[in-house]
Each structure stands twice: as structure tokens, then as C-alpha cells.
Amino acid sequence: MNIKYISTFWGCENQSAKEFLSNVISNGYDGVEINFPDNSEFIDEFIAEIKNIRATINAKFIFIAQQVLSNKTESVKEYSIRITERLEFLAKLKPDFINSHTGKDYYDFSDNCKIIEMTEIISKKYDVPIVHEIHRGRFSFHLKTLHQYLELFPKLSLVADFSHFCVVSESNLEDQKELLKKIYPKIKHLHARIGFEQSPQVNNPFAPEWESYLDRYLNWWKEIIEYHKKRNCNQITITPEFGPFPYMPEEPFTKKPLSNQWETNLQMKKYLQQNL
């Protein structure tokens, strides 16, 4: 199994596209995953730099675009228009695939199904895969109800971020092992972040108090990789995805982050390279 490690842009919003991508390359990542800012100059520079990297450094450098809409009060129709416009914009940039935060947890099942159908049409139209992230607030927020969508959409692919399942169920999924394993065939991309029962992110996954959580998540990722390896899948992508505040806890009053986000993601990459 060829494992490709992807750098998140999350937390690097103060950098230019060229500066960010230079840091990504110098730290040995195989690609980037980015939710683009509303800045056309940044996007133009980013796309130009991706082409340059592929032409001069790594022809197979991976570009994952994220679709993450801001939260607002809107009808299903209004939301559907917004997500369609965003997905089509991203698809025209020709990423390797789009990681989509799709639907809303309080939309009716039938409404979320219509939204998923729309994403499949866009994916086919632009020949760009759209993979749906497991995330709170989306159609995919809950492990048991997610299975209803998978039954109806057999080709649906997922980004595995199990921290959200843990927060939603206020558990480490000890009682849902079989339900979790049933979604392994649908997972195409991993977010390597450690959460716990009350939060999608621990302060530092390598602190001794979080050792059992790190072991649990590592075992899940190993099982996913082993499942796909046995079915002759030759590549999987992983984004170490520890985020800034509010995912990263801060000291009271000083608001100092309890860990360095960039360094934690680098350490996670090295840890996975040694243990997967």
C-alpha cells in the first residue's frame, strides 16, 4: 500500500500560497488539502504554483480541494444552489478530488439524498471525484444513520474523521465496532486527528494521558488500510489534521495554544510513517 501524506492549509491562512506550498514541499508532504479563502489572487497563485511543483519537483503532487460552506440560515433550495456553485467552482480547478462537507444534520433524509445526488451529477460532469467527510453538522454526522445513505448510494465515498462520531455519540465507539467496520469499504481518505468523547481534538496526541486514544485511532487506521490492501488498492491519502483554535485548546487569559499545530501535524506524519 502506497500511503501519501497530505498537508492541511487549515491554520496557515496568514501565509501566501507560494510560502505555504514551499513549506509543504520542504517538510516532505506529498500534497495539500485546502479550503480556499475568498481571495482570487491567492487562488490564482496557488494553482500556478501547483503546476510549477508538478512540472519541476513532483509530477504526482496531490491537490485536494475542500468544500466547506459557512453556516447560515437558509432553505434546502438556497443551500443546494450555494453548494452547487461552490462544487462547480472547485471542480473547474481540477483537483485530484474534492472533500465535501455535504448537507446538514437537521435536513430531512430525502433532502440530503437530493443534495448527494446533485454532487454525483457534478462529479460526473467534471470528471472529478467528490468524497464526503464524516463531520458533525453534515448528513454524515452519525454512524448509524450514515448507513442509511450508504445503502441508497453504493458508490458514495467517505473521508474518515472518526473524532466526530466519538463526540456525537459521547463515546469511543466501543459498542459500535461492527457498524464502524461496515463503512471501511467506502473510505477513500483519512484525517489523522485524535479526538475524545467531549472534543474532536486532544491538546497533544503524544502526551502520555492520551496514549490509549492514540492507540485506538491508530488501530482504526491500520484496519482501514489493511482492508483496502487486501482488495488490491495501491494508494491511500492521509492528512494529519490537527487544527488551530477552537479545535486547539488555549490557556485561559493568555489564549496561548497548548500545542504548536504545525509541529503536531508534522509529528503525526512521522509517527504514522513509522507505524503504518
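Right above here is the structure, for reference.
Because the structure is predicted, anything quoted here is derived from the model rather than measured. (Residues numbered from 1 in each chain as written. Predicted model: local features only at pLDDT ≥ 70, side-chain atom pairs only at ≥ 80, totals over all residues. Heavy atoms only, no water.)

Visitor: I tried to follow the packing of helix α1 (residues 17–26) against helix α2 (residues 40–56) on my own but got confused; where do I start?
Guide: Helix-helix packing is characterised by the crossing angle of the two axes and by the distance between the axes. Running from N to C, α1 and α2 point in directions that differ by 35°, and their axes come no closer than 8 Å. The chirality of how α1 crosses α2 is right-handed. Of the residues in α2, those in contact with Ala17, Lys18, Leu21 and Ile25 of α1 are Phe42, Glu45, Phe46, Glu49, Ile50 and Ile53. For the contact of α1 with α2, a count of residues per class yields 7 nonpolar, no polar and 3 charged. (Axes fitted to C-alpha atoms, helices over the stretch in contact; angles between N-to-C directions. Helix = DSSP H or I, 4+ residues; strand = E, 2+ residues; numbered from the N terminus. Left-handed = near helix turned anticlockwise from the far one by under 90°. Contact = heavy atoms within 4.5 Å. Nonpolar A, V, L, I, M, F, W, Y, C, P; charged D, E, K, R; others polar.)

Visitor: Just checking my understanding: could you explain the layout of surface pockets for this structure?
Guide: Empty pockets left among the atoms are what a rolling probe the size of a water molecule brings to light. In this structure, the largest pocket encloses a volume near 610 Å³. Lining the largest pocket are 27 residues, and of these Phe97, Pro129, Val131, Ser157 and Lys188 sit closest to its centre. Only β1 (2–8), α4 (109–126), β5 (130–133), β7 (187–192) and β8 (235–240) provide two or more residues apiece to the lining of the largest pocket. Taken as a whole, the second largest pocket spans an internal volume of roughly 390 Å³. Lining the second largest pocket are 20 residues; nearest its centre among them are Trp10, Asn35, Gln66, Val68 and His101. Classifying every residue of the lining of the second largest pocket by side-chain character gives 9 nonpolar, 6 polar and 5 charged. (1 Å grid on protein atoms, 1.4 Å probe; cavity = no way out; pocket = protein on both sides within 12 Å on 5 of 7 lines; lining within 4 Å. Points joined across faces, edges and corners; volume = space filled by probe spheres on them.)

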